[in-house]
Amino acid sequence: MASTGSEAAGNEGGGNEGEGNKAAAYDPVRLARCLLRGARVGTLATTAKGQPFASLVTPACMPDLSILLLLSSLSEHTRHLMADPRCSVLMAGTAETANPQTAPRLTVTGLAERVEDTALKARFLAVHPYASLYADFGDFSTWRVKPVAGLFVGGFARAHRLGAAALMPDADAVAAIAAAEAEIVAHCNGDHADAMGLLAGSTGDWRMVTADVDGFDLAQGETVLRVAWSAPVRDAGDVRRELIRLARAARGGRTSV
């Protein structure tokens, strides 16, 4: 039920009906967005006087698919971004075999900007709750990377260049879900708290902490799980239908959401 953002996809090509269905399900744009939404760790690439530099970062994803980072001004990569905002962020999923090359991965290129906004920090902490220990330190700031393009590799011989127009979600749908997000989260946590554990596939006090056009995040303490919709949603009605579908599946066909 829960996903880290990388969804399994079958091999492309002809063959029997099962193979054909798997091929039809392979959607690089959808897989790239789900991978980005669910990524909790990545590699940030910056430059300093022409010299490339890579470092580990913990990304979060904004509703419009912008990448959100919490960076310290004491870090090398932050000083690099202050001098040159051009950067890229690499996120990888789980390898299908012992060979790491079978892991889906997405490289997003874009421009980084420092944005002091409490709402952005709250979004980051929703999926990285442990960061509350240092998020308010004076040297930390929120940075947003606006994607310019992406390269998604779904495995061997599956490299797809994705322009911003192809990668980014529908703006009207993003706005509609963002406007309804607070109500969706409050309703699910207030009226259907028991169902959140079912959707997480685990017992405990799970709470919905974000919702967007591609899925939602559930948190219990410092553990956060990503759950994807079956397809991008466009409004609150779509969200309700998807939650009913997920709840019914979790209950073996019964639902009360």
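Conventions adopted
- Residues numbered from 1 in each chain as written.
- Predicted model: local features only at pLDDT ≥ 70, side-chain atom pairs only at ≥ 80, totals over all residues.
- Heavy atoms only, no water.
- Helix = DSSP H or I, 4+ residues; strand = E, 2+ residues; numbered from the N terminus.
- Buried < 20%, exposed > 50% of the residue type's maximum accessible area, 1.4 Å probe, protein only.
- Contact = heavy atoms within 4.5 Å.
- Areas by Shrake-Rupley, 256 points an atom, 1.4 Å probe, with all protein chains shown as cover.
- Core = buried A, V, L, I, M, F, W, Y, C linked by side-chain atoms within 4.5 Å.
- Phe/Tyr/Trp six-rings, centres within 6.5 Å; stacked < 30°, edge-to-face > 60°.
- 1 Å grid on protein atoms, 1.4 Å probe; cavity = no way out; pocket = protein on both sides within 12 Å on 5 of 7 lines; lining within 4 Å.
- Points joined across faces, edges and corners; volume = space filled by probe spheres on them.
- Nonpolar A, V, L, I, M, F, W, Y, C, P; charged D, E, K, R; others polar.
- pLDDT = per-residue confidence, 0-100.
- Pairing = 2+ DSSP bridges.
- Axes fitted to C-alpha atoms, helices over the stretch in contact; angles between N-to-C directions.
- Arc of directions from axis to C-beta.
- Polar contact = N/O pair within 3.5 Å; in protein donor to acceptor, adjacent residues only side chain to side chain.

Participant: Explain the overall build of the chain to me, please; I cannot follow it from the model alone.
Facilitator: If you tally the helices and strands in the chain, you get eight helices and eleven strands. Looking at the chain residue by residue over its 257 residues, the buried ones come to 46%. Taking the contacts inside the chain whose residues are at least 6 apart along the sequence as the reference set, 60% of them involve residues at least 24 apart. Only carbon and sulfur atoms are counted for the fraction: they give 55% of the accessible area of the chain, which is about 12500 Å².

Participant: Mind showing me how you'd approach the nonpolar core here?
Facilitator: Nonpolar side chains tend to gather and get buried jointly when the protein is soluble and globular. Counting 25 residues, the largest nonpolar core has Leu36, Ile67, Leu69 and Phe152 as the members making the most contacts within it. Every element with two or more residues in this core is listed here: α2 (28-38), β4 (67-72), β5 (86-92), β6 (105-114) and β7 (140-153). Ranked by the residues each element gives to this core, the list is headed by α2, at four residues. In this structure, Met208, Val233, Val239 and Leu246 belong to the second largest nonpolar core, which totals 23 residues.

Participant: Any chance you could explain the packing of aromatic side chains here in plain terms?
Facilitator: The description of an aromatic ring pair uses the distance of the two centres, along with the angle that the planes make with each other. All chains considered together, the criterion is met by two aromatic pairs. Where tyrosine 134 meets phenylalanine 140, the ring centres are 5.1 Å apart and the plane angle is 35 degrees; that geometry is what we call tilted. Both rings, one in phenylalanine 216 and one in tryptophan 229, keep their centres 5.0 Å apart while their planes meet at 40 degrees; by these two values the pair is tilted. Linking phenylalanine 216 in strand β10 (residues 215-220) with tryptophan 229 in the loop between β11 (223-228) and α8 (236-250), this pair joins segments that are 13 residues apart in sequence. Note on tryptophan 229: relative accessible area 2%, which makes it buried.

Participant: Would you mind going over empty space enclosed by the protein with me for this structure?
Facilitator: Empty space among the atoms can be located by rolling a probe the size of a water molecule over them. One pass over the full model with this rule turns up one cavity of 30 Å³ or more. Put simply, the largest cavity is a space of about 70 Å³. Elements with a contribution of two residues or more to the lining of the largest cavity: β3 (60-61) and α4 (118-127). Among the residues forming the lining of the largest cavity, the class breakdown is three nonpolar, one polar and six charged.

Participant: Would you take a moment to explain unusual backbone geometry for this structure?
Facilitator: Trans peptide bonds make up the majority, and among non-glycine residues the majority have a negative phi. Of note in this structure, lysine 49 is not a glycine but carries a positive phi near 55 degrees. Even without a glycine there, the phi angle at leucine 65 is positive, about 85 degrees. In this fold, leucine 65 is placed in the loop between β3 and β4. A relative accessible area of 0% places leucine 65 in the buried class.

Participant: Looking at this model, I keep getting lost on the confidence of the model for the chain. Mind explaining?
Facilitator: Atomic detail in the predicted coordinates should be set aside for any region of low pLDDT. Per-residue pLDDT for the chain averages 90, and the proportion of residues at 70 or more is 89%. Confidence over residues 1-21 falls short of pLDDT 50; this stretch has 42 contacts with residues more than four positions distant or in other chains.

Participant: How should I be thinking about the sheet that holds β11 in this particular structure?
Facilitator: Pairing between sheet strands relies on hydrogen bonds along the backbone, with the strands arranged either parallel or antiparallel. One open sheet holds the three strands; their spatial order is β9-β10-β11, and the pairing between them is antiparallel. Two strands bound the open sheet, and with one partner strand each, they are β9 (207-211) and β11. Here the strands of the sheet are splayed against their neighbours by 30 degrees on average, with no regard to which way each runs. Two elements, β10 and β11, share six bridges in a ladder whose sense is antiparallel. The residue of β11 that forms the bridge with glutamine 220 is threonine 223.

Participant: What am I meant to see in the pairing of strand β8 (residues 159-163) here?
Facilitator: For a regular strand, side-chain orientation follows a simple rule: the groups alternate between the two sheet faces. In this structure, β7 lies alongside β8, joined through five bridges in antiparallel fashion. Along β8, the bridge assignment pairs leucine 151 with arginine 161. Counting the residues in the hairpin turn of β7 and β8 gives five residues, including glycine 155, whose phi is positive at 140 degrees.

Participant: Sorry if this is basic, but what is going on with the environment of arginine 234 here?
Facilitator: Structurally, the position occupied by arginine 234 is in the loop between β11 and α8. Take arginine 234: its relative accessible area is 46%, and that puts it in the partly exposed class. In sequence terms arginine 234 and alanine 171 are 63 residues apart; their C-alpha atoms lie 9.7 Å from each other.

Participant: I keep staring at α4 and nothing clicks. Help me out?
Facilitator: The periodicity of an α-helix, 3.6 residues per turn, causes residues three or four places apart in sequence to face the same way. Of the positions making up α4, those classed as buried are Leu120, Arg123, Phe124, Ala126 and Val127. Taken down its axis, α4 places every buried residue within 155 degrees of arc, on the same side. The N-cap residue of α4 is aspartate 117: its side-chain oxygen and the backbone nitrogen of alanine 119 are 2.8 Å apart.

Participant: Explanation requested: the side chain of serine 88 in the structure shown.
Facilitator: By secondary structure assignment, the location of serine 88 is in strand β5. Its relative accessible area of 17% is what places serine 88 among the buried residues. Contact partners of serine 88, with chain neighbours within four places excluded, come to Thr43, Leu44, Ala45, Thr107, Val108 and Thr109.

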